[in-house]
Amino acid sequence: MTSREKHDRMANAIRFLSMDAVENAKSGHPGLPMGAADIATVLFTRFMTHDPKNPGWPDRDRFVLSAGHGSMLLYSLLYLLGYEDITIDEIKNFRQLGSRTAGHPEYGHAAGIETTTGPLGQGVANAVGMALAERLLNARFGDDLVNHYTYALVGDGCLMEGISQEALAFAGHLRLSKLIVLFDDNQISIDGPVSLADSTDQCERFAASGWNTMRVDGHDPDAIAAAIEKARRSDRPTMIAFRTTIGHGAPTKSGTAKVHGSPLGAEEIAETRKALGWEAAPFEIPSDILDDWRLAGLRSAKERGAWEKRLAAAEAEIRAEFERRMRGDLPGALADAMLDYKRKLTKETPKVATRNASEMALEVINDCVPETLAGSADLTGSNNTKTSQTASVTPTDFSGRYIHYGIREHAMAAAMNGITLHGGLIPYGGTFLTFSDYARPAMRLASLMGIRSIFVMTHDSIGLGEDGPTHQPVEHLAALRAIPNHLVFRPADAVETAECWQVALESRDTPSTLALTRQKLEPVRTEFTEENLCARGAYELLPASDEAEVTIFASGSEVEIAVEAQKLLEKRGHPTRVVSVPCFELFERQDDDYRDAIIGEAPVRIAIEAGIRQGWDRFIGSDGLFVGMSGFGASAPAPDLYKHFGITAEAAVEAVEARLRAA
């Protein structure tokens with residue numbers, strides 16, 4: 001057991017690295033690292049199973065700093081424990097351009113940062129996903145290979161955000177007993193005391209959702225350790241409310257909002273050094289304290305070695321499967337399976353909604369990619385996300401591959417990110433496209449992190465019909481396309497849907513959204529091509545009979561309208577080509593020659609999409625024609641709505657001929 005004196009000095013190392021880095025940057029949040037230093041010291045010196053020399057060890061414990069503004073707590077820990085990516089120079093360059101130590105922790109910047117946090121509440125939902133992934137992989141590979149804890153340090157702000165309720169209720173329902181939430185209960189927010197805006201008893205709130213809860217002095221190391229030990233033995237997830245003082249040790253600013261999000265100032269730091277008996281200069285850690293921390297970093301080396309022996313001793317097939325899945329590689333059989341499936345589709349040419357086409361493709365995919373993890377926010381029958389291989393996961397059985405997320409779109413998306421980050425699984429989850437608004441913050445973070453989360457968004461336009469404008473997405477395609485590093489797919493038929501799914505699975509560093517129809521669509525890809533044409537983002541579906549006067553660009557359900565418009569225009573003597581545009585983002589990745597060829601030189605360019613125009617000028621130019629939506633939809637059968645809003649082949653032809661006459 002660590003003596004109290006040694007503990008205090010180790011915890012103070014976190015405090016002074018944090019306050020010095022914030023002071024040096026002239027911005028940041030010193031209060032949380034100073035207040036939570038005792039909790040972090042106990043966790044990392046007595047409990048956390050991890051190895052700074054092998055930070056990607058699959059069976060390590062996961063630590064999520066959900067209160068990401070307190071990033072210096074994490075950076076200090078990583079430096080002190082001996083993670084090579086975080087040097088003392090990185091600490092000195094906190095919040096500076098090009099440093100690994102960004103204002104909020106960013107996944108990929110340094111080993112030991114398990115997820116990007118900052119938008120409050122995201123981290124705790126990520127942690128729920130990680131804990132769920134651990135249980136699912138444990139059910140597949142057993143205790144010898146997968147048996148670890150997930151810890152999330154949260155603040156008042158994380159728990160005020162609505163996503164936290166979605167996440168904690170979901171975790172409590174599934175009884176994710178290896179999930180431990182460490183609540184830095186300092187009762188201070190930016191505006192002042194939390195009591196200005198909230199009077200929730202957080203322990204009672206968690207308990208109501210099936211959690212084990214405790215209240216503990218967050219500055220008593222033995223009490224902290226006893227609580228964590230008890231939590232590790234629980235048969236339910238645990239939330240420990242640690243009463244702490246924000247900015248602990250600062251003589252005049254501790255316990256106040258002044259220490260939350262601003263540097264302490266040179267005078268206050270000098271007084272804090274006196275108060276805590278810290279004589280070292282800024283960014284200097286006494287050698288004995290640094291040695292103690294580096295020894296703590298080595299505490300799991302033997303456990304990691306024993307795990308590697310167990311992995312080596314596993315059956316060859318199990319070991320190979322585990323290693324492949326943790327690397328993120330897809331099974332070799334997928335590519336051939338998808339080619340065979342495309343051949344079948346071009347022979348049968350089914351007329352189906354793309355949500356049904358997605359289910360059909362997933363039957364093939366889920367059969368040969370065992371790591372896919374399906375789910376829906378209580379819209380399984382509408383999203384068509386469940387296939388014959390995906391039995392439901394329950395609180396007592398984690399052997400299935402289907403997650404019932406409940407009506408929790410935001411937590412679903414964030415938990416999916418946590419599952420992806422954990423490794424070993426590829427999650428996809430469904431809801432209606434209009435409700436991407438509820439999931440968008442997590443979708444954006446998936447893009448920022450560059451991870452393979454796949455969002456299945458059905459009912460993608462006014463084509464959903466009678467549910468009306470509350471459920472009919474209009475601006476959503478443009479809004480999602482605006483997110484950097486995010487693939488938005490809108491396939492036109494069953495073949496395109498299969499191709500889009502394949503690209504989504506192969507895109508390891510980019511999340512994907514598949515926007516799918518409720519209504520049935522005519523098949524437009526009736527000839528087999530080995531090449532995945534959707535991987536180009538846009539391609540010529542139908543050539544013109546002669547030098548093109550008109551090019552029609554369309555996506556999804558409007559491609560069949562473009563095909564019909566082409567027939568009418570060709571009959572009237574206007575050579576017309578049709579370009580299918582399933583993915584704007586992939587089109588932009590093509591070389592200049594390809595893009596120029598696809599856009600072409602036809603004097604009239606027109607786009608058809610049952611959404612707003614934003615984004616289409618890339619294809620048609622600012623003076624191009626657009627047939628689509630300019631306002632909200634209405635409640636009526638889909639065919640009536642398309643006629644009412646003028647999204648028809650006839651309307652497209654009329655617009656083209658008017659332009660040709662005016663030329």
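Look up a bit, the structure's there.
A brief report on the enclosed structure follows.

The rules we used
Residues numbered from 1 in each chain as written. Predicted model: local features only at pLDDT ≥ 70, side-chain atom pairs only at ≥ 80, totals over all residues. Heavy atoms only, no water. Pairing = 2+ DSSP bridges. Helix = DSSP H or I, 4+ residues; strand = E, 2+ residues; numbered from the N terminus. Axes fitted to C-alpha atoms, helices over the stretch in contact; angles between N-to-C directions. Contact = heavy atoms within 4.5 Å. Core = buried A, V, L, I, M, F, W, Y, C linked by side-chain atoms within 4.5 Å. Buried < 20%, exposed > 50% of the residue type's maximum accessible area, 1.4 Å probe, protein only. Phe/Tyr/Trp six-rings, centres within 6.5 Å; stacked < 30°, edge-to-face > 60°. Expected span 1.5 Å × (residues − 1).

Once that is clear, we can look at the sheet that holds strand β7 (residues 238-243). If you trace the 5 strands from one edge of the open sheet to the other, you get β1-β2-β3-β7-β6, paired in parallel fashion. Both outer strands of the open sheet, β1 (62-65) and β6 (212-217), are each paired with one neighbouring strand and no more. Going from strand to strand, the sheet's axes swing by 20° on average, the running direction of each strand aside. Relative to β7, β6 runs parallel, the two being bridged by 6 bridges. If you follow Met214 over to β7, its bridge partner there is Ile240.

Bringing the sheet that holds strand β10 (residues 402-404) into the picture now. If you walk across this open sheet you meet the 6 strands as β10-β9-β11-β12-β14-β13, and the pairing is parallel. At either end of the open sheet lies a strand with only one pairing partner, and these are β10 and β13 (487-489). Each strand axis lies, on average, 20° off the axis of its neighbour in the sheet, ignoring direction. Summarising the sheet, β13 and strand β14 (residues 512-515) pair through 3 bridges and their orientation is parallel. Considered in β14, the bridge of Val488 is made with Thr513. Taken strand by strand, helix α17 (residues 409-422) contacts β9 (372-376), β11 (426-432) and β12 (454-458), and its axis lies near 170° from that of β11.

Attention shifts here to the nonpolar core. Core analysis: the largest hydrophobic core is formed by 136 residues, its most contacted members being Ile91, Tyr151, Ile228, Ile240 and Trp293. Counting residues per element, this core draws most heavily on helix α5 (residues 122-141), at 11 residues. The residues touching Tyr151, leaving out its near neighbours within four places in the chain, are Leu43, Phe47, Met48, Asp61, Arg62, Phe63, Val64, Ile180, Leu182, Ile228 and Arg232. Tyr341, Val456, Val495 and Leu625 belong to the second largest nonpolar core, which has 80 residues in total.

Here we take up the packing of aromatic side chains. For the structure shown, the criterion picks out 17 aromatic pairs. Centre to centre, the rings of Tyr75 and Phe94 are 6.1 Å apart; their planes meet at 65°, and the pair counts as edge-to-face. You can see Tyr75 sitting in helix α3 (residues 71-81) and its partner Phe94 sitting in the loop between α4 (88-92) and α5, a full 19 residues away along the chain. Of the two residues, Tyr75 and Phe94, both sit in the buried class. When the ring of Tyr428 is compared with that of Trp501, the centres are 5.3 Å apart and the planes differ by 75°; the resulting orientation is edge-to-face.

This part takes up unusual backbone geometry. Of note, the phi angle at Asn384 is positive, near 60°, even though the residue is not glycine. Position of Asn384 among the secondary structure elements: in the loop between α16 (380-383) and β10. A residue is classified by how much of its surface remains accessible, and Asn384, at 8% relative accessible area, is buried.

Right, let's get into α5. The first and last C-alpha atoms of α5 sit 28 Å apart over 20 residues, in line with the 28 Å expected at 1.5 Å per residue. Of all 20 residues in α5, 18 are buried; the element is thus mostly enclosed. Two residues or fewer after α5 comes Gly142, characterised by a positive phi angle close to 85°.

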